[in-house]
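So you can see what is in the structure, the chains are spelled out below.
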Amino acid sequence: MPQPCLPPRATARLQLHAGFTFGHAAAQVDYYAALGVSHLYLSPIFNARPGSTHGYDVTDFRAINPELGGEAGFYRFAERAREHGLGLVLDIVPNHMAASPDHNPWWRDVLARGAQSAYAHHFDIDWHSSDPGLHGRVLLPILGKPYWEALCSGELTLRFDARAGQPVVCYGEHTLPLANDTYDPAAAASLPAQLDGREATGRARLHALLELQHYRLAWWATAADELNWRRFFEISELVGMRVERVPVFEAIHGLVLQLFREGWIDGVRVDHVDGLADPAAYCKLLRAHLTALAPDRPPARAIACPWLVIEKILAERETLRADWLVDGTTGYDFMNEVACVLHDGAGAAALTALWQEMSGETRRFEAQVESARGRMLSHHLVTEYEGACRRLHACARSEPATRDLTLASLRRALAALLAPLQVYRTYFSERVRTREDKAALQHAADAARATLAATDLPALARLLSWLADPAGDSTALHEARTRVQQLMPPLAAKATEDTVFYRYGRLLSRNEVGSNPATLAVPPEDFHARMAQRAQAWPNAMLATATHDHKRGEDARMRLAVLSELPEAWVEAVGLWETHCRPLLARLPCGPDGADRLMLYQTLAGAWPAGLEPGHAQGVSALLARVQAWQLKSIREAKRHGSWTSPDVAYEEGCAAFLDALGADTSAGGVLKQLARFARRIAVPGAINSLTQTLVQLTAPGVPDRYQGAEEWDLSLVDPDNRRRVDFESLRARLADTSGWPEWLANWQDGRLKLQLIRSVLAARRAHAGLFAAGDYGPITLAGPLAAHALAFVRRHGQAQALVVGTRLAARLAESGRPILAPAQWRDTALRVGHGDSHWLDVLTSRPLDARAGRLPLAEVLEMLPVALLLRTR
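Residues numbered from 1 in each chain as written. Predicted model: local features only at pLDDT ≥ 70, side-chain atom pairs only at ≥ 80, totals over all residues. Heavy atoms only, no water.

**Section: the overall build of the protein chain**
Of regular secondary structure, the protein chain possesses 30 helices and 27 strands. For 874 residues, the compact-globule estimate of 2.2 N^0.38 gives 29 Å, and the C-alpha radius of gyration of the protein chain, at 29 Å, lies within 12% of that figure. When the 874 residues of the protein chain are sorted by exposure, 61% land in the buried category. The contacts in the protein chain between residues at least 6 apart in sequence include a share of 73% that link residues at least 24 apart. Carbon and sulfur atoms make up 53% of the accessible area of the protein chain, which totals about 32,200 Å². (Helix = DSSP H or I, 4+ residues; strand = E, 2+ residues; numbered from the N terminus. Rg over C-alpha atoms; globule rule 2.2 N^0.38 Å. Buried < 20%, exposed > 50% of the residue type's maximum accessible area, 1.4 Å probe, protein only. Contact = heavy atoms within 4.5 Å. Areas by Shrake-Rupley, 256 points an atom, 1.4 Å probe, with all protein chains shown as cover.)

Set out below in structure tokens:
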């Protein structure tokens, strides 16, 4: 019999790669079983580029990556997981593949056969490009220099591949196929000797041969402007897939569905669903396939409801569409919600004033995003933007009523419409025209009208009509709308997360994927309202607090959140550091500007390891190396002083020298030592925030996901720092430790306190699975002088009740050495848990607690720990 429709109890995300294979993961199965999760949630496992550290550059959806251990290694790992009662969830990548001619057989076949390839329409290629030189061809921007220079220098060569029995074009590590009808097979072996690009005759012959191919070799810098196939964001090594076509869907998902049908996996996480032509139709189709296969699973692995979550970033007031038939998102929205309630909105004015003084930037965050979107369209996503505009213009020309809309006017109107759009994308189709999409588009249009000339308003009006009222479309207009909507997600992501998040640094704990840095905090009542809605609408969605894509680790963010409580102290400290650094800045030929310095100070304070002394040379050196890598990435992503494609080397070197000088100053008053002292000051209330965040994640409506290694303090920075090797031996030792809460609290810096909290709460989830999986949610009222400094809610399911309590905004209250408030500080602050007497058990400390006349004193509830999980006994 199928099991009830229960989602995973809790997941643990593992990043697989050649350095952490199925074999390595299998060795940690018992650890995760003891920790208390129900499922291991794996990064993509299918064939990927050799050496891939993440698996999102898939080269073959039909095979399991041999670098991870291949099919045999996967089955051994899955069997071991089964033995320990753990299921598996797979991360799948339907949006794109690696555009690798050497490792992706589908892509190589397209290069060899062009539009006649069986895979020509698997990829999102414009075979009818407006560029005559690309009509029926694929632009291949893999050259490190302009094409003619590469040809003349002899870097492009021909070699006879004896194994394949045919000549191939060679460039660096790449080998490219030749179309069969462009050379004489009988003379193939001797052909390379006749085509030497270093001399005129051979060069002319080689050029002529290359011009006959189904691809056009080009300098890498041409990609942004001229690529004729959809890519993932700005990454020209990843080619978009046309998964909306049934044969493509089946080819991409065949092995995934087989693994599900055979019972090896219990669900999937869909990467970048917004990149697809029709996300709603895709999700429904995938759900239908999974549901249809569920009865075929082995009886021992029977499930009634396959778990399906999608990577989807929601705007602050955006809701996920219920008719997509998914269980929810992967949790960026929850990450934002729990962070907001642990910040103090009262600090906004002082933090904003400091940022404006240091950076000289007075524009609102939203205005900076709009500006960045303009730059992305003109410099980075040019081919995507121009392609959409050309399609729109062709539609305009096809009708007498719109033929006077010029290409230039449509460009201006589309740019003005996309700049203020507050959602990642809209989802208009012939079948779907939702009120939410229309409202989002109308809001953007209202803002666009204020920026456009009167002569461009007809183009804007027509755009709105084409996008929002698609009934009875032509094929051309359908394609144009799809292109516009597929442009929205990369524009949103690249302008916001990968640009302005590195430009706007009021408080970096709010610069996180899925968050709006303009919103510093929300009050508890707003948080409770969102959790109640989550319990009602999305009880099985994933709850994340750390991911492989986060900008900062969950505990670094919680530490920096303390600055919102202590803005005056932060302003004073930054002023002292700035004064101390003036002579250094004067000596350097080039150094970080005020914006980059303030973000650097925050990064050091947030990432400073708990317990690290400034005099510990090895530890400080390791930290500074990590921060140097972050700083370089931050500079290039911000695009204020150069970029990845055009770096400002002098500025980067100046910033590196500045950080090196901070590290080299060993004087008692050195800035780094002052920073370390400040980090120590905010570490204790930061740890309180972290413990509350952790408890809430593990008990709120949804499926908590614990990112690898974040069971202890996670002070990581953006990738690749957040994908460093996990010290499982240390985690195992801390998990096995039985010292008890007083010992763990006293030595909180070593991470045992957080790990044991996770273990204990996951054990409670396992023992009371129905309560946490299906229980409703209700806020708990607090009364008394410190009511604002706690967060409490109740989960109810039948007669079962769980009461969740956490400390918040404790920076001005916490003891200096331990992350807890002294019981006496709570005074008569209490929880209101009804009208009569009730009896509770603290599952963390095993203490019985009694509520008298509906009142539970926080001095008792939070006597031993800054958080509590109580189960009602009667």
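Read on for the rest.
**What to know about the pairing of strand E2 (residues 39-42)**
Taking every second residue as pointing to the same face, both faces of E2 are buried, with His39 and Tyr41 on one and Leu40 and Leu42 on the other. Taken together, the 4 bridges between strand E1 (residues 11-14) and E2 define a ladder with parallel strand orientation. The residue of E2 that forms the bridge with leucine 14 is leucine 42. Two elements, E2 and strand E5 (residues 87-92), share 4 bridges in a ladder whose sense is parallel. Among the inter-strand pairings, leucine 42 is bridged to a residue of E5, identified as leucine 90. (Pairing = 2+ DSSP bridges.)

**Some words on the sheet that holds strand E15 (residues 307-310)**
Across the sheet, 8 strands lie side by side as E16-E15-E14-E5-E2-E1-E18-E17; this open sheet has parallel pairing. The sheet is open, and its two edges are formed by strand E16 (328-329) and strand E17 (542-544), each paired on a single side. Pairing of strand E14 (residues 267-270) with E15, which is carried by 4 bridges, proceeds in the parallel orientation. By the bridge assignment for E15, glycine 267 is matched with tryptophan 307.

**Overview of the packing of aromatic side chains**
The final tally for this structure, using the stated rule, is 26 aromatic pairs. An angle of 65° between the planes, with centres 5.9 Å apart, marks the rings of tryptophan 355 and tyrosine 504 as edge-to-face. Of this pair, tryptophan 355 sits in helix H12 (residues 348-359) while tyrosine 504 sits in the loop between helix H18 (475-496) and helix H19 (524-537); the two residues are 149 residues apart in sequence, bridging distant segments of the chain. One aromatic cluster is present, formed by Phe22, Phe74, Tyr75, Phe77 and Trp264 through successive ring pairs. For arginine 13, the ring lying beneath its charged end belongs to tyrosine 41, and the centroid distance is 4.7 Å. (Phe/Tyr/Trp six-rings, centres within 6.5 Å; stacked < 30°, edge-to-face > 60°. Lys NZ or Arg CZ within 6 Å of the ring centre and 35° of its normal.)

**Quick notes on the nonpolar core**
Formed by 153 residues in total, the largest nonpolar core has its most connected members in Leu40, Ile45 and Phe74. A total of 8 residues in this core trace back to one element, the largest contributor, which is helix H9 (residues 246-261). (Core = buried A, V, L, I, M, F, W, Y, C linked by side-chain atoms within 4.5 Å.)

**A closer look at the state of the cysteines**
Tallying each qualifying case throughout the model produces 0 disulfides. Here cysteine 395 is not disulfide-linked; the sulfur of cysteine 389 is the nearest cysteine sulfur, at 12 Å. Residue classification places cysteine 395 among the buried positions, given a relative accessible area of 5%. (Disulfide = S-S within 2.5 Å.)

**So, the sheet that holds strand E19 (residues 776-779)**
A sheet is described by the order of its strands in space; here 6 strands give the open sequence E19-E21-E22-E27-E24-E25, paired in antiparallel fashion. Here the strands that pair on one side only, and so sit at the sheet edges, are E19 and strand E25 (847-851). The average undirected angle you get between the axes of adjacent strands in this sheet is 25°. As paired strands, strand E22 (residues 800-807) and strand E27 (residues 867-872) are joined by 5 bridges and run antiparallel to one another. (Axes fitted to C-alpha atoms, helices over the stretch in contact; angles between N-to-C directions.)

**Describing unusual backbone geometry**
A cis amide bond, omega 10°, links aspartate 719 with the succeeding residue proline 720. As for its position among the elements, proline 720 is in the loop between strand E18 (703-707) and helix H26 (728-736). If you check the backbone angles, serine 846 has positive phi at about 65° while not being a glycine. Considering the arrangement of structural elements, one finds serine 846 in the loop between strand E24 (838-842) and E25. Residue classification places serine 846 among the exposed positions, given a relative accessible area of 55%. The residue alanine 853 is not glycine, and still its phi comes out positive at about 55°. Tracing the backbone shows alanine 853 in the loop between E25 and strand E26 (855-857).

**Points about the pattern of salt bridges**
Pairing between side chains of opposite charge can happen when their charged atoms approach one another. Here the structure, examined in full by the defined rule, presents 58 salt bridges. Note that glutamate 311 and arginine 269 form a salt bridge whose closest N and O atoms lie 3.5 Å from each other. With glutamate 311 in the loop between E15 and E16 and arginine 269 in strand E14, this pair connects stretches of sequence that are 42 residues apart. No difference in accessibility class separates glutamate 311 from arginine 269, as the two residues are buried. Between lysine 551 and aspartate 498 there is a salt bridge; the shortest N-O distance is 3.1 Å. With lysine 551 in the loop between E17 and helix H20 (554-561) and aspartate 498 in the loop between H18 and H19, this residue pair connects regions lying 53 residues apart in the sequence. Sharing partners across several salt bridges, the network here consists of Asp124, Asp126, Arg230, Arg391, Glu479 and Arg483. (Salt bridge = Lys/Arg side-chain N within 4 Å of Asp/Glu carboxyl O.)

**Some words on the environment of arginine 503**
Examined against the element boundaries, arginine 503 turns out to sit in the loop between H18 and H19. Its relative accessible area of 13% is what places arginine 503 among the buried residues. Distance from arginine 503 to arginine 321, taken between C-alpha atoms, is 32 Å for residues 182 residues apart in sequence. Once residues lying within four places of it in the same chain are set aside, the contact partners of arginine 503 are Trp355, Gln368, Ala372, Arg375, Met599, Ala638, Lys639 and Arg640. Looking at arginine 503, its side chain comes within polar contact range of the main-chain oxygen of alanine 638, at 2.6 Å. (Polar contact = N/O pair within 3.5 Å; in protein donor to acceptor, adjacent residues only side chain to side chain.)

**Notes on the side chain of glutamate 337**
By the element assignment, glutamate 337 lies in helix H11 (residues 332-340). A polar side-chain atom of glutamate 337 sits 2.9 Å from a polar atom in the side chain of arginine 534. If we ignore the near neighbours within four places in the chain, the residues touching glutamate 337 are Phe527, Arg530, Met531 and Arg534.

**As for the environment of alanine 447**
Looking at where alanine 447 falls in the secondary structure, it is placed in helix H16 (residues 435-449). Taking the C-alpha atoms as reference points, alanine 447 and aspartate 225, 222 residues apart in sequence, are found 28 Å from one another.

**A look at the environment of threonine 59**
Residue position: threonine 59 is located in strand E4 (residues 58-64). On the accessibility criterion, threonine 59 (4% relative accessible area) is buried. Through-space distance from the C-alpha of threonine 59 to that of histidine 103 is 6.0 Å; in sequence the pair is 44 residues apart. Filtering out sequence-adjacent residues up to four positions away, threonine 59 remains in contact with Asn47, Ala48, Arg49, Met97, Ala98, His103, Asn104 and Pro105.

**Quick word on the packing of helix H14 (residues 382-397) against H18**
Between H14 and H18, the shortest axis-to-axis distance is 9 Å and the interhelical angle comes to 155°. Regarding the angle of H14 to H18, the classification is roughly antiparallel. Taken as a pair, H14 and H18 cross one another with a handedness that is left-handed. Taken together, the residues of H18 that come into contact with H14 (itself represented by Glu384, Tyr385, Ala388, Arg391, Leu392 and Cys395) are Ala476, Leu477, Glu479, Ala480, Arg483, Val484 and Leu487. By residue class, the composition of the contact of H14 with H18 is 9 nonpolar, no polar and 4 charged. (Parallel < 35°, antiparallel > 145°, perpendicular 65-115°, else oblique. Left-handed = near helix turned anticlockwise from the far one by under 90°. Nonpolar A, V, L, I, M, F, W, Y, C, P; charged D, E, K, R; others polar.)

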